[in-house]
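# Structural overview
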Amino acid sequence: MQALVSIIMATYNRADLIGETLDSILNQQFPNWECLIIDDWSTDNTQQVLLPYLEEKRIKYYKRGENHAKGCPGARNFGLGKAEGKYILFFDDDDIAHPQLLTHCVNELESKELDFCRFKRGVFADSNEVVFDPKQKFKSFLIDKNDLEAVIINKLPFNSCQVVWKKSCFFNNRFKEEILYSDDWECYSRLISGGLKGISIEKTLLHARKHEDSSTAKFKKGENKITASTKLASLEVLDNLGKKGLITPVLFEFFVRRALILNDKKILEKLLSYTKINFAKKTKYRLGFYFYPVLRPIFILKGKMLSR
């Protein structure tokens, strides 16, 4: 029988963690799934660790094809080409799923005309901390293009693994493989800006692991590759919004701050190119960017004084 849900799990050198993640997949109450493990050419003993799990026919193992770039986006795109399910769930190789994750999401998607089902996400540092609520009841709300602003500024988080999508959403869309970090932010905002509609379940159905080797931790440390990828993602999101005339005042201020924080004038110039503000105001923002490194310590000091 063809799987209804395809779980695409990109992995790289997570031999010590991936087993716990797969156990949570095997523990799903909903049985009609396939899990496609896309190995980004690990150099540890990942493949050996996976051997017992591959006895389960629903779990399939692939090495990322050479026609896709190295990195999570390339591995996910490769997985999309292999997926047989009507629905897609991208899953990290170190997270833990609620046993009812697929049950709840499939029920919503099968009973309503929706393109995706989002759910709440928790975080943990030790798997002993993970506790899921077994009760069936939860609140929900609809999401559409009107919520795009909240998605982009992360008021309504859309992390890579907290959404089940209809596979049809990706027929003409793929992750941009040159964006190694924030690829989900860029891709998902592009999907929602195209008019897709979904629902959000107000229940934690996934716990994401916090550790020093995660992309988020590397971003906070200011690793060059991650920072460069974040800048590129910002430019791509801006391009999409600008071409569709979707840059609101809130998004304008958000990307001004992003340009300052990332110290990237390209983001500011891209933003200004899509706005109709006059030359004087554009000059003000350019001067603000130029003087921000000098003014930033003053803003921080003023903020500390006001908070006393």
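The following paragraphs examine the structure supplied in this document. (Residues numbered from 1 in each chain as written. Predicted model: local features only at pLDDT ≥ 70, side-chain atom pairs only at ≥ 80, totals over all residues. Heavy atoms only, no water.)

## Considering unusual backbone geometry
We apply this condition: Going along the chain from the N terminus, every DSSP run of H or I of four or more residues is numbered as a helix, and every run of E of two or more is numbered as a strand. Between buried and exposed lies partly exposed: a residue is buried under 20% and exposed over 50% of the maximum accessible area for its type, with that area taken using a 1.4 Å probe on protein chains only.
A positive phi angle is found at Ser182, which is not glycine, with a value near 70°. Considering the arrangement of structural elements, one finds Ser182 in the loop between strand S8 (163-166) and helix H6 (183-193). Residue Ser182 is classed as buried on the basis of its relative accessible area of 11%. Unusually for a residue other than glycine, Asn263 sits at a positive phi of about 55°.

## Re the packing of H6 against helix H8 (residues 224-243)
Packed helix pairs are specified by the crossing angle of their axes together with the interaxial distance, meaning the distance between the axes. Definition in use: The angle between two axes is taken between their N-to-C directions and runs from 0 to 180 degrees, where each axis is a line fitted to C-alpha atoms and a helix contributes only its stretch in contact. With respect to orientation, any angle under 35 degrees is reported as roughly parallel, any angle over 145 as roughly antiparallel, any angle of 65 to 115 as roughly perpendicular, and every other angle as oblique. Note on definitions: a residue-residue contact is assigned when non-hydrogen atoms from the two residues lie within 4.5 Å. Note that Gly is not counted as nonpolar here; it falls among the polar residues with everything else outside the nonpolar set of Ala, Val, Leu, Ile, Met, Phe, Trp, Tyr, Cys and Pro and the charged set of Asp, Glu, Lys and Arg.
In contact at an axis separation of 9 Å, H6 and H8 are set at 10° when each is read in the N-to-C sense. Considered as vectors, H6 and H8 are oriented roughly parallel to each other. Contact residues: Trp185, Glu186, Ser189, Arg190 and Ser193 in H6; Ala233, Ser234, Glu236, Val237 and Asn240 in H8. Among the residues forming the contact of H6 with H8, the class breakdown is 3 nonpolar, 4 polar and 3 charged.

## Observations concerning the pairing of strand S6 (residues 116-124)
Put simply, the test is: The pairing criterion for strands is at least two bridges between them, as found by DSSP.
Pairing of S6 with S8, which is carried by 3 bridges, proceeds in the antiparallel orientation. Residue Cys117 lies in a different strand from S8, and its bridge partner there is Val164.

## Considering the state of the cysteines
Spelled out, the test is: Disulfides are defined in this document as cysteine sulfur pairs within 2.5 Å.
With the rule as written, the count across this model stands at 0 disulfides. Residue Cys117 stays outside any disulfide, its sulfur separated by 3.6 Å from that of Cys105, the closest cysteine. A residue is classified by how much of its surface remains accessible, and Cys117, at 0% relative accessible area, is buried.

## A short note on the pattern of salt bridges
Inclusion rule: Salt-bridge detection follows one rule: a side-chain nitrogen of Lys or Arg within 4 Å of a carboxyl oxygen of Asp or Glu.
For the coordinates displayed, the defined rule picks out 16 salt bridges. In the salt-bridge network here, residues are joined through shared partners; they are Arg14, Asp93 and Asp94.

## Topic: a nonpolar patch on the surface
Note the following rule: Only residues whose relative accessible area exceeds 30% and that take part in no salt bridge are eligible for patches, with like-charged residues grouped when within 9 Å of each other and nonpolar side chains (Val, Leu, Ile, Met, Phe, Trp, Tyr) grouped when within 5 Å. Surface exposure here means Shrake-Rupley accessible area, sampled with a 1.4 Å probe, where a residue is shielded only by the protein chains that are shown.
A surface patch of nonpolar side chains, amounting to about 350 Å² of accessible area, comprises Leu287, Tyr290 and Phe291. Tracing the backbone shows Phe291 in helix H11 (residues 279-306). Take Phe291: its relative accessible area is 41%, and that puts it in the partly exposed class.

## Thoughts on the nonpolar core
We apply this condition: Buried residues of nine kinds, namely Ala, Val, Leu, Ile, Met, Phe, Trp, Tyr and Cys, make up a nonpolar core once their side-chain atoms join them within 4.5 Å.
By size, the foremost hydrophobic cluster in this structure holds 51 residues, and its most contacted members are Phe90, Ile152, Phe158, Trp165, Phe170, Tyr188 and Phe255. Among the elements that take part in this core, helix H9 (residues 249-262) stands out by supplying 8 residues, more than any other. Residues in contact with Trp165, not counting those within four places in the same chain, are Lys86, Tyr87, Ile88, Phe90, Asp115, Phe116, Phe158, Phe170, Tyr188, Leu191 and Leu196.

## Here we look at the side chain of Asp39
Applicable threshold: Neither His nor the chain ends contribute to the count of charged residues, in which Lys and Arg are positive and Asp and Glu negative.
Considering the arrangement of structural elements, one finds Asp39 in strand S2 (residues 33-39). Despite being buried, Asp39 has no salt bridge partner; Lys63 is the closest side chain of opposite charge, sitting 5.3 Å away. Aside from chain neighbours lying at most four places away, what touches Asp39 is Thr11, Thr46, Tyr61, Tyr62, Lys63 and Arg64.

## Digging into the packing of aromatic side chains
The test is simple: Each aromatic pair joins two rings of Phe, Tyr and Trp (for Trp, the six-membered one) with centres within 6.5 Å, and gets the label stacked for planes under 30 degrees apart, edge-to-face for over 60, and tilted for any other angle.
Here the structure, examined in full by the defined rule, presents 14 aromatic pairs. With centroids separated by 6.4 Å and ring planes inclined at 35°, the aromatic side chains of Trp185 and Phe255 adopt a geometry described as tilted. Placement of Trp185 in helix H6 and of Phe255 in helix H9 is noted, with a sequence separation of 70 residues between them. For the pair Trp185 and Phe255, a shared accessibility class is recorded, and that class is buried. Ring centres of Phe252 and Tyr285 lie 5.1 Å apart, and the angle between their planes is 75°; this geometry places the pair in the edge-to-face category. Of this pair, Phe252 sits in helix H9 while Tyr285 is found in helix H11, placing the two residues 33 residues apart along the sequence. A connected cluster of aromatic rings, assembled from ring pairs, spans Phe90, Phe116, Phe158, Trp165, Phe170, Phe175 and Tyr188.

## Quick look at the side chain of Asn32
Take Asn32: it is sitting in the loop between helix H1 (18-26) and S2. Not counting chain neighbours up to four residues away, the residues in contact with Asn32 comprise Met1, Gln2, Ala3, Leu4 and Val5.

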